[in-house]
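Here's the letter readout for the chains.
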Amino acid sequence: MAQKPSIPKGTRDFSPAEVAKRNYIFDTIRNQFEIYGFQPIETPSFENLETLMGKYGDEGDRLIFKILNSGDYLNKVDDRTLEEKDAAALTPQISEKALRYDLTVPFARYVVMHQNEIDLPFKRYQIQPVWRADRPQKGRFREFYQCDADVVGPSSLLQEVELIQLYDAVFADLGLEKVTIKINHRKILSAIAEVIGAHEQLIPFTVALDKLDKIGEEGVIREMAASGISEAAIRKAMPLFSISGDQDQALGVLSDFLKESKTGEEGIEALRMITATIGKLGLSSCRLQVDVTLARGLNYYTGAIFEVSAPEGVQMGSIGGGGRYDDLTGIFGLKDLSGVGISFGLDRIYLVLEELGLFPETVEESVQVLFVNFGEKEALAALPLIGELRKAGIKSDLYPTDAKLQKQLKYANNRKIPYVVLLGKDELEQNTVVVKDMAKGSQKTYDWKHLPEFIKTL
RNA sequence: GUGGUUGUAGCUCAGUUGGUUAGAGCGCUGGAUUGUGGUUCCAGAGGUCGCCGGUUCGAGCCCGGUCUUCCACCCCA
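A brief report on the enclosed structure follows. The structure presented is a predicted model; accordingly, all values stated were derived computationally and were not measured.

## So, the nonpolar core
Consideration 1: Ranked by internal contacts, the top residues of the largest apolar core, which has 99 residues, are Ile25, Phe33, Phe171, Ile192 and Phe344.
Consideration 2: Counting 19 residues, the second-largest nonpolar core is a separate cluster that includes Ile386, Leu389, Val435 and Tyr446.

Spelled out as structure tokens, the structure:
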């Protein structure tokens, strides 16, 4: 009996039209990556499990897709682990490999393994799928593409500035207006926790703080209390909940709040430099916003952290994120190497562009010129002309059968083909073709010898 | 991982307290129109009602399970 085919939860097939639109985004991002001097690398779709485990926090570990060992994988498991049904202890015994969870950790691994071949500063980009065992929602998939650009080597803040410009350049090319790039600094978050006396609970503190715009002040307070942060500490942190006004003002308030912390002052200085420089250089599509409550991002970030949210009015999580990590390669044995990078979430950008109708019409154009097939003789006469067009780089094709003209034109119409060429009995006798402009409905006759004139109009 | 939600034609969706042969619009195929698509008119094809089981004389509709979709958590691109 034939089984009904299906694909796993959170995965998708892509039709030709969808692939065309996805490629448009890929091409736009790749083009700017290269314009900014980044070089491409690729890494395997799966890594050794131990390379990935422990890099993304407990929640991250849970979301990593583990690959079951081949062969008799239960053979080596000790009976006790099996009897106790201890998943955490069992996993490393039956799985040695796991699907890539993001592009940053594999990149860090790559840098360490290839350190002798790499010239610093090393600017690489990487566009590949990643996998997460998350529960799918709109804009959240189990297989999706990330487009990363990272610089390792220089600890200069000019890198952060450049990456913000890169974000802006890509979104400008995509025609995506009013994108907000939020920026914060890990040192600021760490200093706040220190100043209020909640240094031990830095992670729960930042996670709660991050939800301010979603669950409000009360919600944040409740969550902080629930995660063991003292009432006194929460009260101390409260002025931060209402920081508003422009960037300089916000940074001023923060500076006052953290005046006793050297770490905090470093973080504030960094943001001042970045925002001031971007202020001078200007952005075309994006706006940069300091946001003290921005805390998302993975555990390995140590400096600036970024998050890009979709334009207002579009229900979508972040469409990009990034930050600086001073010690990521340290985990793999290479000390004192700083890196900073950003990531674009292709699949979410796609949904945003689709919702706002921002894909150019020509993206779905598979063929520019379609020759109608009137029969064997006419089709044979069309082939050299099609060859001429193809040599000139024009996407052109002959309808494969001599189906009714109505059907062939309808096909051209559905495929959004802008020009149809008619070469029938009369044209064959006169060595001419009739070119029909599908949008206007107008027609023009060209002599075979004068085909270049038509090509010029394309 | 927790709680909820959705699934009927290729697509978007109707479908009465459970009752004979499950509908519409769009799309598709053919014709009006043997060299003119996107407009119009006519006709036609297309369904194991997600899947498995249960209740019932009888289930698209009720019950259980399962898969999927979307939503809220969690977390994130």
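## As for the protein's contact with RNA strand B
Consideration 1: Neighbouring RNA strand B are 45 residues, the closest being Lys138, Arg140, Arg296, Ser318 and Gln443.
Consideration 2: Near-protein atoms of RNA strand B (within 4 Å) split between backbone and bases, with sugar and phosphate holding 48%.
Consideration 3: Among the elements of the structure, α3 (57-63), β6 (143-153), α10 (212-226), β10 (318-325), α16 (405-414) and α17 (425-430) are those that each provide at least two residues to the surface near RNA strand B.
Consideration 4: For the surface near RNA strand B, the class distribution of residues is 10 nonpolar, 14 polar and 21 charged.

## Quick word on the packing of aromatic side chains
Consideration 1: Inspection of every chain in the model, using the stated rule, returns 18 aromatic pairs.
Consideration 2: Residues Tyr167 and Phe171 carry aromatic rings whose centres are separated by 6.1 Å and whose planes lie at 10° to one another, so their mutual orientation is stacked. Note that Tyr167 and Phe171 are positioned in helix α7 (residues 158-173) at a spacing of four residues, about one turn of the helix.
Consideration 3: The exposure class assigned to Tyr167 is buried, which follows from its relative accessible area of 0%.
Consideration 4: Judged by its relative accessible area of 0%, Phe171 falls in the buried class.
Consideration 5: Ring centres of Tyr350 and Phe359 lie 5.3 Å apart, and the angle between their planes is 55°; this geometry places the pair in the tilted category.
Consideration 6: Residue classification places Phe359 among the buried residues on the basis of a relative accessible area of 14%.
Consideration 7: Within the aromatic cluster, the residues linked to one another by ring pairs are Phe33, Phe38, Tyr125, Tyr167, Phe171 and Phe344.
Consideration 8: The ring of Phe14 carries the charged tip of Arg22 above its face, separated from the ring centre by 3.8 Å.
Consideration 9: Over the face of the ring belonging to Phe38 we find Lys123, whose NZ or CZ atom lies 4.7 Å from the ring centre.

## Remarks on the environment of Ala17
Consideration 1: Looking at the secondary structure, you find Ala17 in helix α1 (residues 16-35).
Consideration 2: Note on Ala17: relative accessible area 28%, which makes it partly exposed.
Consideration 3: As a C-alpha pair, Ala17 and Tyr399 span 382 residues in sequence and 20 Å in three-dimensional space.

## A few points about unusual backbone geometry
Consideration 1: Note that the residue after Leu120, namely Pro121, is joined by a cis bond; omega there is -5°.
Consideration 2: Mapped onto the secondary structure, Pro121 falls in the loop between α6 (104-113) and β5 (122-131).
Consideration 3: For Asp336, which is not glycine, the phi dihedral falls at a positive 55°.
Consideration 4: Note that Asp336 resides in the loop between β10 and β11 (338-345).
Consideration 5: Despite not being glycine, Lys416 shows a phi value in the positive range, around 60°.
Consideration 6: Inspection of the secondary structure puts Lys416 in the loop between α16 and β14 (419-422).
Consideration 7: Residue Lys416 is classed as partly exposed on the basis of its relative accessible area of 48%.

Cut-offs applied
Residues numbered from 1 in each chain as written. Chains lettered and ligands numbered in written order. Predicted model: local features only at pLDDT ≥ 70, side-chain atom pairs only at ≥ 80, totals over all residues. Heavy atoms only, no water. Core = buried A, V, L, I, M, F, W, Y, C linked by side-chain atoms within 4.5 Å. Buried < 20%, exposed > 50% of the residue type's maximum accessible area, 1.4 Å probe, protein only. Near = heavy atom within 4 Å. Helix = DSSP H or I, 4+ residues; strand = E, 2+ residues; numbered from the N terminus. Nonpolar A, V, L, I, M, F, W, Y, C, P; charged D, E, K, R; others polar. Phe/Tyr/Trp six-rings, centres within 6.5 Å; stacked < 30°, edge-to-face > 60°. Lys NZ or Arg CZ within 6 Å of the ring centre and 35° of its normal.

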